[in-house]
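Below, each chain spelled out in residue letters.
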Amino acid sequence: LPADEPRLLEMIKEYFDRASEHLDIDEGELELVKGCDAALRVTFPFKRRDGSVIVIQGYRAHHSRHRLPVKGGMRFSATVDLQEVEAMAALMTLKCAVSDVPFGGAKGGIRIDPRDFSEKELERIVRRFTTELAKKSFIGPGRDVPGPDLGTGSREMGWMADTYVKLFGATDIHANGVVTGKPNSMGGIEGRKEATGLGVYYAVREFMSDPVVMERAGLSEHVATNIVGRSYIVQGFGKVGYHAALYIARAGGKIIGVSDRRCGILRHQGIDVEELLRHKRKHGSVDGYYADDDLTACFRGDDVSKLLECETDVLVLAAFQQQLHSGNASRVNARIIVEAANGPVTPEAEDILEQERGAVIIPDVVASAGGLTVSYFEWLKSLSNVRYGRLTKKWEERSKLLMIEAWEDIGGTVNQEKRQRILQGPSELDIVFSGLADSIIVASQETISTSKRLECNLRQAAYINAITKIHESMKHAGMLLA
């Protein structure tokens, strides 16, 4: 990353300021919306299995408490620090507002490389950190609801939930709603694993269905329509990148490039996403599934990032923050850039890509909001203590049967296969995917509408919508007069 590029927190603030220029809101009130409400840093000693003692640092930031609880991931990373979690918390506030999820934004992390610790050591760290958060009122189903993030998953969320329930379960019936991303056996929800990647697909589909967006990207005269037939490169082949690539491919898109930390592959004939994932699970990388002579290009080691410069219709950034910057943006040959990760494009890179290269950027606050949205559904499930569809599935099946029987009574016919499909009541997964699709589609359409009305780019439009909603919430609650 070039030395003159801003840190992540300054990036978010610059994007905020650019969007604010289109708003008729008092400058002081904008500062209130932009600022971080509260931040916590904790340290505690930890005895390793070899007897050595180290000091663990943990962070949690509440960007905005205009709606409670606040919501945001909990990451394990050797580079996490307070400014990073403050920046991510600000993004979460904006994502919640864009997607109409009634939460404020938060983020947290523990400064460790999880690969350096055993499972038992990680469990002890998570439980101690959860206790520290609880002591300082930085966690709770009505106050702050963490979720999985970089370096964490359902295992860590299960430990956090169990710790909190042991502390407060006797007096709080909703204690299990303290985190999302839990294992299904502990009250998690179907569809959470694929939620962010599926949300990316819904966003891509919606933005690419708009003629104005496609014209801006220079793709309006392409013979294919929507996603079908276009080429895609996906940076980052983890949970988000894999599921985004999978659903795009199923919809008719052509995945021609994929990368992980060790290797980037380009294959113009197309890539079998599902088989590539099986190979990666077995060997730890996408490298080696295709022979080098069966690839258009292969990048390894320090050259992996060169995949970002290969020609494609759509580039999906699903790896890490600040991947496109002033040092490489001028070499990017994609017409549409999709921010499936948080903050992967710097402000200077955005200017180069949109003003000089004529590309369109689908912003992270819309494209990567799928995980947040399904986390909201999981939180609601935890509060109600009943899975989605349990109370209505059989009633819906019975009502559909009555309609089919009435149709047959007047001479209509329905073949057996179609009859079974009609009669099948919705599962929890069906309901979750339906809610996710609706949330992302509405957020995308609102962003496109604002972009057209104010003649601004998509990021500014999404930020404008978010800031407006947050400001309205604060105004009606009287917080601006405090």
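As a starting point, this report considers the structure included with it. Residue numbers run consecutively from 1 along every chain, following the written order of its sequence. In keeping with the model being predicted, local features are shown solely for residues with a pLDDT of at least 70 and side-chain atom pairs are shown and tallied solely at 80 or more, while totals for entire chains, interfaces and linings include all residues. Side-chain figures throughout are based on the complete set of non-hydrogen atoms in the structure, without hydrogens or water.

## Things to note about the overall build of the chain
Runs of E in the DSSP output that reach at least two residues are strands. Runs of H or I that reach at least four are helices, and both are numbered from the N terminus. Summing up its helical and strand segments, the chain has 16 helices and twelve strands in all. Here the radius of gyration uses the C-alpha set of atoms, whereas the globule reference equals 2.2 Å times the residue count to the power 0.38. Taken over C-alpha atoms, the radius of gyration comes to 23 Å for the chain, in line with the 23 Å a tight globule of 482 residues would show. The cut-offs for exposure are 20% and 50% of the maximum accessible area for each residue type, with area from a 1.4 Å probe on protein chains only; residues under the lower value are buried, those over the upper are exposed, and the others partly exposed. A total of 482 residues make up the chain; the buried ones form 56% of that total. Contacts are assigned to residue pairs with any non-hydrogen atoms lying within 4.5 Å of each other. Counted over contacts in the chain with a minimum sequence separation of 6, partners at least 24 positions apart contribute 69%.

## Points about the sheet that holds strand E5 (residues 144-148)
Strands sit in the order E1-E2-E4-E3-E5 across an open sheet of five strands; the sheet is mixed. The open sheet terminates on both sides in strands that have one partner only, identified here as strand E1 (38-47) and E5. Across this sheet, the average inter-strand angle for adjacent strands is 20 degrees, counted without regard to direction. Where strand E2 (residues 53-62) lies against strand E4 (residues 104-110), five bridges are found, and the strand directions are antiparallel. Bridge pairing in E4 links Tyr59 to Gly109. Working convention: axes come from line fits to C-alpha atoms, limited for helices to the stretch in contact. Angles between N-to-C directions cover 0 to 180 degrees. Relative to E4, helix H3 (residues 82-98) is tilted by about 150 degrees, and along the sheet it contacts E1, E2, strand E3 (70-76) and E4. Only strands joined by at least two bridges in the DSSP assignment are considered to pair.

## Brief notes about the sheet that holds strand E11 (residues 334-339)
Spatial strand order, E9-E8-E7-E6-E10-E11-E12: seven strands in an open sheet with mixed pairing. Each of the sheet's edge strands pairs with one partner strand only, and the pair in question is strand E9 (297-300) and strand E12 (360-362). Across the sheet, the axes of successive neighbouring strands diverge by a mean angle of 20 degrees, strand direction being ignored. In the sheet, strand E6 (residues 231-235) pairs with strand E10 (residues 312-317) via four bridges, with the strands oriented parallel. Within the sheet, the bridge partner assigned to Ile233 lies in E10 and is Leu315.

## A word on unusual backbone geometry
Residue Pro69 is reached from Leu68 by a cis peptide bond, and omega for that bond is 0 degrees. Backbone geometry at Glu455 places phi at a positive 55 degrees, although glycine is not the residue there. The residue Glu455 is located in the loop between helix H15 (428-454) and helix H16 (458-477) in this model. Taking the relative accessible area as the measure of exposure, Glu455 reaches 73% and is therefore exposed.

## Here we look at the packing of aromatic side chains
Only Phe, Tyr and Trp rings are paired, with Trp represented by its six-membered ring, and only when their centres lie within 6.5 Å; those with planes under 30 degrees apart are stacked, over 60 edge-to-face, the remainder tilted. In this structure the tally under the stated criterion is eleven aromatic pairs. Judged by centre distance (5.8 Å) and plane angle (90 degrees), the rings of Phe237 and Tyr242 are edge-to-face. What makes Phe237 buried here is its relative accessible area of 2%. By relative accessible area, Tyr242 is classed as buried at 11%. On the numbers, 6.0 Å between centres and 40 degrees between planes, the contact of Tyr376 with Phe377 is tilted.

## Quick word on the packing of helix H1 (residues 8-20) against H3
The interhelical angle for the contact between H1 and H3, taken along N-to-C directions, is 30 degrees, at an axis separation of 8 Å. When the interaxial angle is binned, H1 and H3 end up roughly parallel. You can see that H1 and H3 cross each other, and the crossing is left-handed. On H3, the residues that touch Leu8, Leu9 and Ile12 of H1 are Gln83, Glu84, Glu86, Ala87, Met88, Ala90 and Leu91. Each angle gets one of four labels, with under 35 degrees taken as roughly parallel, over 145 as roughly antiparallel, 65 to 115 as roughly perpendicular, and the rest as oblique. Crossing handedness is read from the near helix: turned anticlockwise from the far helix by less than a right angle, it gives a left-handed crossing, and turned clockwise, a right-handed one.

## Regarding the side chain of His66
Mapped onto the elements of the fold, His66 is located in the loop between E2 and E3. In terms of polar contacts, His66 uses its side chain to reach the side chain of Ser64, at 2.6 Å. Polar contact is the term for a pair of N or O atoms within 3.5 Å; when the atoms are in protein, one must be able to donate a hydrogen and the other to accept it, and sequence-neighboring residues count only if both atoms are side-chain atoms.

Taken by themselves, the reported measurements are silent on function.
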